[in-house]
Amino acid sequence: MKRQMIYRTVASAAIFVVVGLVFLQAADACTRVLWNDSGLNVVVGRTMDWPESTQPEIVVFPRGMKRDGGLLGTETAVKVNPAKWTSKYASMVVPVYGIGTADGFNEAGLAIHMLYLKSTDFGPRDPSKPGVQASLWGQYALDNGATVDQALALLKKIQPVMVEMHGHKATVHLALEDATGDSAILEYINGKLVIHHGRQYRVMTNDPSYDQQLALLQKMKKEVDFAHPSSNTPLPGNVSATDRFQRASYFSALLPKPKNEREEVASILSIMRNVSVPFGAPYQSFGIYNTEYRTVTDLDTKRYYFELTTAPNVIWADLTKFDLNPGAPVMVLNPDNIGLSGNVTDRFHRAEKAPF
């Protein structure tokens, strides 16, 4: 009966996406899939899809990093009441353009993933709240929170501020999860913060807003009953956010119970490869737009797996093996190296300057 209910949910998700394509435009960017019911560790996968290099590096920040949430590189993006803080937790992250964090996790087992959402609207600046330029939105959570609950309480007290880099505005939404399997998705719609909080929110892509996706899913659950998905179950195969959402929902719900961490990471990575965007695939508004990299985070072991699509070797690093004490150096690894493979924890080097 439990398996049958899972099949119904998966099939309903598949149908709602197909119907949704009638009125949804192709959206841009990435996919996040959380696996929090494997019976083993809590792991999460992510793809970064973008029309140009985001200049990815893997960076380890120790505790005690002083941050100015108003800075966008060397420019001041938040002039009135910028948030300023000193990091409580160490983290391992992948920056975007060297100005903020696109993906990462901290030593307490909290992870964040920043994905594109065209409908994002942070609203007019509210100077009564400390402002954080949008690309540091997730890093603020990693620096200060240990759990999803803690991060949500902190994030409600600040305001992300829209910025632009390389001609792209930071229209983003944020996914959070922690080592207990808790999950949350944060979006700013029409200037208001909307939070979807619960272990059930596992798959995230891009537009439309998450409440619209959930409404479509609920409608299809009432109208469609596919109790027996099979190899003949129709799945859309294109690269739009709705197609990727369907495939991620379908295949992640069918993952077999893993025997060990190796199988678990391989399983979630297989989903992320399935929802990746091949080289040359066209997007509606951004032209050619492929997956740049894939990551898997194990929130129990604090290991971070990374696969750059132009240097297709899976590498991983163990956050617990670094010196994370205040005053320790920021450590960095450039993954754009075909010679890297496997455990690269000892291949990191001291950063000449922290990216932010």
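Please refer to the structure placed before this passage.
To keep things clear, this report deals only with the structure shown in the data block. Per chain, residues are indexed from 1 in the order of the written sequence. Owing to the predicted nature of the model, reporting of local features is limited to residues with pLDDT of at least 70; listing and counting of side-chain atom pairs is limited to 80 or more, with chain, interface and lining totals taken over all residues. Here the side-chain values reflect all heavy atoms present in the structure, with hydrogen atoms and water set aside.

The next subject is empty space enclosed by the protein. Two kinds of site are reported from a 1 Å grid over the protein atoms alone, namely cavities, where a 1.4 Å probe fits but cannot get out, and pockets, open sets with protein on both sides within 12 Å along at least five of seven lines, and residues are called lining when an atom falls within 4 Å of a point. Grid points are joined across faces, edges and corners, and a volume is the space filled by probe spheres set on the points. One pass over the structure, following the stated rule, counts 2 cavities of 30 Å³ or more. What the largest cavity holds in volume is close to 290 Å³. Around the largest cavity sit 22 residues that line it, and W50, V96, M114, A170 and V172 are the ones nearest its centre. Looking at the lining of the largest cavity, the elements that each hand over two or more residues are strand 2 (43-50), strand 10 (110-116), strand 13 (164-165) and strand 14 (168-169). Basically, the charged four are Asp, Glu, Lys and Arg, the nonpolar ten are Ala, Val, Leu, Ile, Met, Phe, Trp, Tyr, Cys and Pro, and anything else, Gly included, counts as polar. Looking at the lining of the largest cavity, its residues break down into 15 nonpolar, 4 polar and 3 charged. Under the DSSP-based scheme used, a helix requires at least four consecutive residues in state H or I and a strand at least two consecutive residues in state E, with every element numbered from the N terminus.

Moving on: unusual backbone geometry. As a rule of thumb, non-glycine residues mostly have phi less than zero, and peptide bonds are mostly trans rather than cis. The peptide bond linking D207 to P208 adopts the cis configuration, its omega dihedral lying at 10 degrees. If you trace the backbone, P208 turns up in the loop between strand 18 (203-204) and helix 4 (210-223). One non-glycine residue with positive phi stands out, namely Y97, at about 55 degrees. Relative to the assigned elements, Y97 resides in the loop between strand 8 (91-96) and strand 9 (100-106). A positive phi is found at K302, a non-glycine position, where the angle reads about 65 degrees. Note on placement: K302 falls in the loop between strand 21 (290-298) and strand 22 (303-308).

When you line up the elements, T297 lands in strand 21. Excluding anything up to four places from it in sequence, T297 contacts V42, V43, V44, F105, R303 and Y304. Residues count as neighbours in contact if any of their non-hydrogen atoms are within 4.5 Å of one another.

What follows is about the layout of surface pockets. If you add up the space inside the second largest pocket, you get close to 250 Å³. Surrounding the second largest pocket, 14 residues form its lining, L71, G73, A354, P355 and F356 being those nearest its centre. Ranked by residues supplied to the lining of the second largest pocket, first place goes to strand 4 (residues 66-68) with 3 residues. Here the residues of the lining of the second largest pocket sort into 6 nonpolar, 4 polar and 4 charged.

Moving on: the packing of aromatic side chains. Any pair of Phe, Tyr and Trp rings, taking the six-membered ring for Trp, is counted once the centres come within 6.5 Å. Such a pair is stacked with planes under 30 degrees apart, edge-to-face with planes over 60 apart, and tilted for the rest. Counted according to the given criterion, the structure contains 12 aromatic pairs. Ring geometry for F122 versus W137: centroids 5.8 Å apart, planes at 90 degrees, classification edge-to-face. On the criterion of sequence distance, the pair formed by F122 in the loop between strand 10 and strand 11 (131-133) and W137 in helix 2 (residues 137-144) is long-range, its members being 15 residues apart. The rule is simple: take the accessible area with a 1.4 Å probe, protein chains only, and divide by the maximum for that residue type; under 20% is buried, over 50% is exposed, in between is partly exposed. Taking relative accessible area as the criterion, W137 reaches 1% and is therefore assigned buried. Plain terms: the ring middles of W137 and Y188 are 5.8 Å apart, the flat faces sit at 55 degrees to each other, and that makes the pair tilted. With a gap of 51 residues between them, W137 in helix 2 and Y188 in strand 16 (residues 183-189) connect regions that are remote in the sequence. Overall, Y188 belongs to the buried group, its relative accessible area being 5%. The aromatic ring of F61 is capped on one face by R67, whose charged end is 4.3 Å from the ring centroid. Note on geometry: a ring has a charge over it if NZ (lysine) or CZ (arginine) is within 6 Å of the ring centre and within 35 degrees of the ring normal.

It is worth spelling out the sheet that holds strand 1 (residues 31-35) at this point. Ordered in space as 18-1-2-21-22-23-25, the 7 strands form an open sheet in which the pairing is mixed. Looking at which strands have only one partner, the edges of the open sheet turn out to be strand 18 and strand 25 (342-343). Between any two strands, at least two bridges found by DSSP are needed for them to pair. When strand 1 meets strand 2, the two strands line up antiparallel, connected through 5 bridges. Looking at strand 2, one finds that R32 is bridged to R46.

Let us look at the pairing of strand 16. Taking burial as the measure, the 7 residues of strand 16 include 6 buried ones, the bulk of the element. Across 4 bridges, strand 15 (residues 172-178) lies against strand 16 in antiparallel orientation. Residue pairing for strand 16: E177 is matched across the bridge by S183. If you look at the hairpin formed by strand 15 and strand 16, you'll find 4 residues sitting between the two strands, and G181 has a positive phi there, around 95 degrees. One ladder, built from 6 bridges, connects strand 16 with strand 17 (residues 192-197); its direction is antiparallel. Counterpart to I189 in the pairing with strand 17 is K192.

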